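One letter stands for each residue in the lines below.
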Amino acid sequence: MPFVWMLLSSFKTQMDITSPDILNFTPTLNNYDKVFGQYDFLLFMWNSFIVATLSTLFSLVLGLPASYAIARYDYDWLGVILLTARIVPGITFLVPWFIIFSRIGLVGTHAALIISHMLVGLPFVVWVLVPFFESLPKEIEESALIDGATVWGTFLRVVLPLAIPGVVTAAIMSYIFSWNNFMFSLVLADSQTKTLPVAIFNFITYASVDWGSLMAAAVVITLPIIVVTVFMQRYIVAGLSAGATKG
């Protein structure tokens, strides 16, 4: 119902939104015209896409071998470090990030947002994939090694294809976090690199709230994630439940 109300409100005027009769209104596209015309939301969508895609990609590149090493070679110390980063609130790292990025000239760039988003995305990727790799039979890997495959070859050609549901799950969840993140973008981005969650505050002023445009912007932010989740939900369920029935 909140999403339905948000969707209906995005096609209403300010007066219609405050009316108690939520279904009696004349649809208008003025809110979407304001979102994409006056506030240049396409730029903010592009920023969110770049940051979410690259932070997720780099998290997978580092997280896949790390989670495999933890699952197969008992690198428990690495798991503890990543779990600590997962437990500690992200705001704890905000001031150190800002100081470091200011000194090296990265504040206001996509790179600063990508690196900061990986702080949460990478531990989450490992957290999802470790039980998935642990649930795979070791005999499959041993057979590949006996046939002459290297450790990396076994990981890339044998293990990774079997872990696709877990990889897709980790990628989607990490992408959703990055797409929706507000705090890091508020502090580390500038007017040209800010992402959608920060840009949506253009519709909130000291004296009033432009509810119609705010709802239209919220639909723009939410709809892509809903569509991806609906089509990929079977992978999400399979990935999150991996290892639950082991043994």
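Residues numbered from 1 in each chain as written. Predicted model: local features only at pLDDT ≥ 70, side-chain atom pairs only at ≥ 80, totals over all residues. Heavy atoms only, no water.

(A) Structural view of the overall build of the chain. Along its length, the chain carries 13 helices and zero strands. Start at the N end of the chain and walk to the C end: the helices and strands fall as α-α-α-α-α-α-α-α-α-α-α-α-α. By principal-axis analysis of the C-alpha atoms, the chain measures approximately 70 × 45 × 25 Å. Residues classed as buried in the chain amount to 42% of the 247 residues present. Considering only residue pairs separated by 6 or more positions, the chain has 75% of its internal contacts joining residues 24 or more positions apart. In the structure as shown, the chain presents an accessible area of about 13400 Å², 71% of it carried by carbon and sulfur atoms. One way to put it: in the chain the 10 positive side-chain charges average out to a point 2 Å from where the 13 negative ones average out. (Helix = DSSP H or I, 4+ residues; strand = E, 2+ residues; numbered from the N terminus. Buried < 20%, exposed > 50% of the residue type's maximum accessible area, 1.4 Å probe, protein only. Contact = heavy atoms within 4.5 Å. Areas by Shrake-Rupley, 256 points an atom, 1.4 Å probe, with all protein chains shown as cover. Lys, Arg positive; Asp, Glu negative; His and termini not counted. Charge placed at Lys NZ, Arg CZ, Asp CG, Glu CD.)

(B) Layout of the side chain of Ser116. Turning to its location among the elements, Ser116 is positioned in helix α7 (residues 110-135). By relative accessible area, which is 0% here, Ser116 ends up buried.

(C) Broad picture of the nonpolar core. Among the nonpolar cores identified, the biggest contains 24 residues, and Leu64, Val126, Leu129, Phe133, Phe155 and Val167 are the most heavily contacted of them. Those elements that provide at least two residues to this core are α4 (41-73), α7, α9 (151-162) and α10 (164-180). Those residues in contact with Val167 that sit more than four places away from it in its chain are Leu60, Leu64, Leu129 and Leu160. (Core = buried A, V, L, I, M, F, W, Y, C linked by side-chain atoms within 4.5 Å.)

(D) Up close: α10. With 17 residues, α10 should reach 24 Å at 1.5 Å per residue; the first-to-last C-alpha distance of 24 Å fits that figure. Regarding α10, the residues found buried are Gly166, Val167, Val168, Thr169, Ala170, Ala171, Ile172, Ser174, Ser178 and Trp179. (Expected span 1.5 Å × (residues − 1).)

(E) Broad picture of the side chain of Lys12. Position of Lys12 among the secondary structure elements: in the loop between α1 (2-9) and α2 (14-17). In this structure, Lys12 is buried with no salt-bridge partner, the nearest side chain bearing the opposite charge being Asp16 at 7.3 Å. With residues up to four places along the chain from it excluded, the contact list for Lys12 reads Ile17, Ile22, Phe25, Thr28, Asn31 and Gly212. (Salt bridge = Lys/Arg side-chain N within 4 Å of Asp/Glu carboxyl O.)

(F) Here's a closer look at the packing of α4 against α7. Two elements in contact, α4 and α7, have axes separated by 6 Å at closest approach and are oriented at 35°. Classified by chirality, the crossing of α7 by α4 is right-handed. Its residues assigned to classes, the contact of α4 with α7 shows 20 nonpolar, eight polar and two charged. (Axes fitted to C-alpha atoms, helices over the stretch in contact; angles between N-to-C directions. Left-handed = near helix turned anticlockwise from the far one by under 90°. Nonpolar A, V, L, I, M, F, W, Y, C, P; charged D, E, K, R; others polar.)

(G) How the structure looks around the packing of aromatic side chains. Summed over the entire model, instances satisfying the criterion amount to 12 aromatic pairs. Ring geometry for Trp152 against Phe155: centres 5.9 Å apart, planes inclined by 80°, an arrangement best described as edge-to-face. Of this pair, Trp152 and Phe155 both sit in helix α9, three residues apart, roughly one helical turn. The class of Phe155 is buried, set by a relative accessible area of 4%. (Phe/Tyr/Trp six-rings, centres within 6.5 Å; stacked < 30°, edge-to-face > 60°.)

(H) Representation of the pattern of salt bridges in the model. Under the definition given, this model contains two salt bridges. As a salt-bridge pair, Lys34 and Asp210 come within 3.0 Å of each other at their nearest N and O atoms. A residue pair is termed long-range when its members are at least 10 positions apart, and Lys34 in helix α3 (residues 30-38) and Asp210 in the loop between α12 (196-199) and α13 (211-240) qualify at 176 residues. A salt bridge links Arg72 to Glu141; the nearest nitrogen and oxygen atoms lie 2.7 Å apart.

(I) Structural context of the confidence of the model for the chain. Of the residues in the chain, 94% reach a pLDDT of 70 or more, and the chain-wide mean stands at 84. At the low end of the mean pLDDT range in the chain sits helix α5 (residues 76-87), at 75; at the high end sits α4, at 91. In the model, residues 243-247 has pLDDT below 50 throughout and makes four contacts with residues more than four positions away in sequence or in other chains. (pLDDT = per-residue confidence, 0-100.)

(J) Structural context of the environment of Ala189. For Ala189, the position within the fold is in the loop between α11 (183-188) and α12. Separated by 158 residues in the primary sequence, Ala189 and Asn31 place their C-alpha atoms 25 Å from one another.

(K) Spatial organisation of the environment of Ala217. Along the chain, Ala217 turns up in helix α13. Note on Ala217: relative accessible area 0%, which makes it buried. Along the primary structure Ala217 and Met6 are separated by 211 residues, whereas in three dimensions their C-alpha atoms are 9.8 Å apart. Those residues in contact with Ala217 that sit more than four places away from it in its chain are Val35, Phe41, Ile200 and Phe203.

(L) Fine view of the environment of Pro65. Position of Pro65 among the secondary structure elements: in helix α4. Its relative accessible area of 26% is what places Pro65 among the partly exposed residues. When the C-alpha atoms of Pro65 and Ala163 are compared, they prove to be 12 Å apart, with 98 residues separating the residues in sequence. Discounting chain neighbours no more than four positions away, the residues touching Pro65 are Leu60, Trp152 and Phe155.

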